[in-house]
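Okay, here's what each chain looks like letter by letter:
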Amino acid sequence: SNKVDDVADMFLTLHKSLDDKDIEIKRLKNGYDKEIFKKFIFRFIRVDQAVCDLLNEDKEDSEPLMQIRKLLENALSECDVEIFSPEIGVDYKKEFGVADNPKIVKSDKNEDEFKISEVVEEGYFINTPNNKEVIVPAKVKVFGVYVEE
């Protein structure tokens, strides 16, 4: 009877260990799959950015480019990727998804320090079950009081 109990305990211990390993493997695989997906999506984002640049440069005959942009936006939306633009006038340090080292624009008002003055380039994030994850951060300009010219 003791030996049967010992074998049962050993079996339960091994079973729990295997379950823990399966959970860990699944978690690691999901992280790897997410990284591959982000790299795949990033290529479409680069195309979308190039189309936006062309639209900003060439105002004539922009209808075909607008159609391409709409198709890209729809494709990204189907992949739970959203384009975002930080709000002008908010504190850069507290804003979601902005790139590091923004360009500084001189301001004479102390209260404008670190507030976003302009969005240079929109950002892209992906909606995950737990939160939003930035794929491409938004590039902004911020006000700075102590800027040397």
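Everything quoted here is computed from the prediction, not taken from an experiment.

Scoring rules and cut-offs
- Residues numbered from 1 in each chain as written.
- Predicted model: local features only at pLDDT ≥ 70, side-chain atom pairs only at ≥ 80, totals over all residues.
- Heavy atoms only, no water.
- Helix = DSSP H or I, 4+ residues; strand = E, 2+ residues; numbered from the N terminus.
- Buried < 20%, exposed > 50% of the residue type's maximum accessible area, 1.4 Å probe, protein only.
- Phe/Tyr/Trp six-rings, centres within 6.5 Å; stacked < 30°, edge-to-face > 60°.
- Lys NZ or Arg CZ within 6 Å of the ring centre and 35° of its normal.
- Contact = heavy atoms within 4.5 Å.
- Expected span 1.5 Å × (residues − 1).
- Salt bridge = Lys/Arg side-chain N within 4 Å of Asp/Glu carboxyl O.

Enquirer: Report on unusual backbone geometry, specifying residues and quantitative values.
Expert: Despite not being glycine, D80 has its phi angle at roughly 65°, a positive value. For D80, the position within the fold is in the loop between α2 (63-78) and β1 (81-84). Here D80 falls in the partly exposed class, since its relative accessible area comes to 45%. Phi at N101 is positive, roughly 55°, even though this residue is not glycine. Here N101 is to be found in the loop between β1 and β2 (103-106). According to the relative accessible area criterion, N101 is exposed, its value standing at 74%.

Enquirer: Can you explain the packing of aromatic side chains? Please cite residues and give values.
Expert: Scanning the model with the defined rule gives four aromatic pairs in all. With centroids separated by 5.2 Å and ring planes inclined at 70°, the aromatic side chains of F40 and F44 adopt a geometry described as edge-to-face. Here F44 and F40 lie together in helix α1 (residues 2-57), a separation of four residues that amounts to about one turn. When the ring of F84 is compared with that of F96, the centres are 5.6 Å apart and the planes differ by 45°; the resulting orientation is tilted. Taken as a pair, F84 in strand β1 and F96 in the loop between β1 and β2 lie far apart in primary sequence, twelve residues in all. F84 sits in the buried class, given a relative accessible area of 11%. Across from the ring centre of F96, 5.9 Å away, lies the NZ or CZ of K132, which sits over that ring.

Enquirer: How would you sum up the environment of I135? Please name residues and give values.
Expert: Along the chain, I135 turns up in strand β5 (residues 132-136). With sequence-adjacent residues up to four places away left out, I135 is seen in contact with I41, F42, I45, V81, Y124, F125 and I126.

Enquirer: Describe α1, and please don't skip the residues or the numbers.
Expert: In a regular helix each residue adds 1.5 Å, so 56 residues correspond to 82 Å; α1 covers 82 Å between its end C-alpha atoms and thus fits that length. Buried within α1 we find K38, I41, I45, D48, Q49, V51, C52 and L55. Where α1 is buried, its residues meet α2, β1, β3 (116-121), β4 (123-127) and β5.

Enquirer: Explain the pattern of salt bridges to me, using residue names and the numbers behind them.
Expert: Pairs may arise between side chains of opposite charge once their charged atoms sit close together. Summed over the entire model, instances satisfying the criterion amount to nine salt bridges. Salt-bridge contacts for K38 lead to E35; the nearest nitrogen and oxygen are separated by 3.7 Å. Highlighted residues: K38 and E35, both in helix α1, separated by three residues, approximately one helical turn. Of the residues examined, K38 reaches a relative accessible area of 16% and is grouped as buried. Connected via shared salt-bridge partners are D48, R69, K70, E73 and E122.

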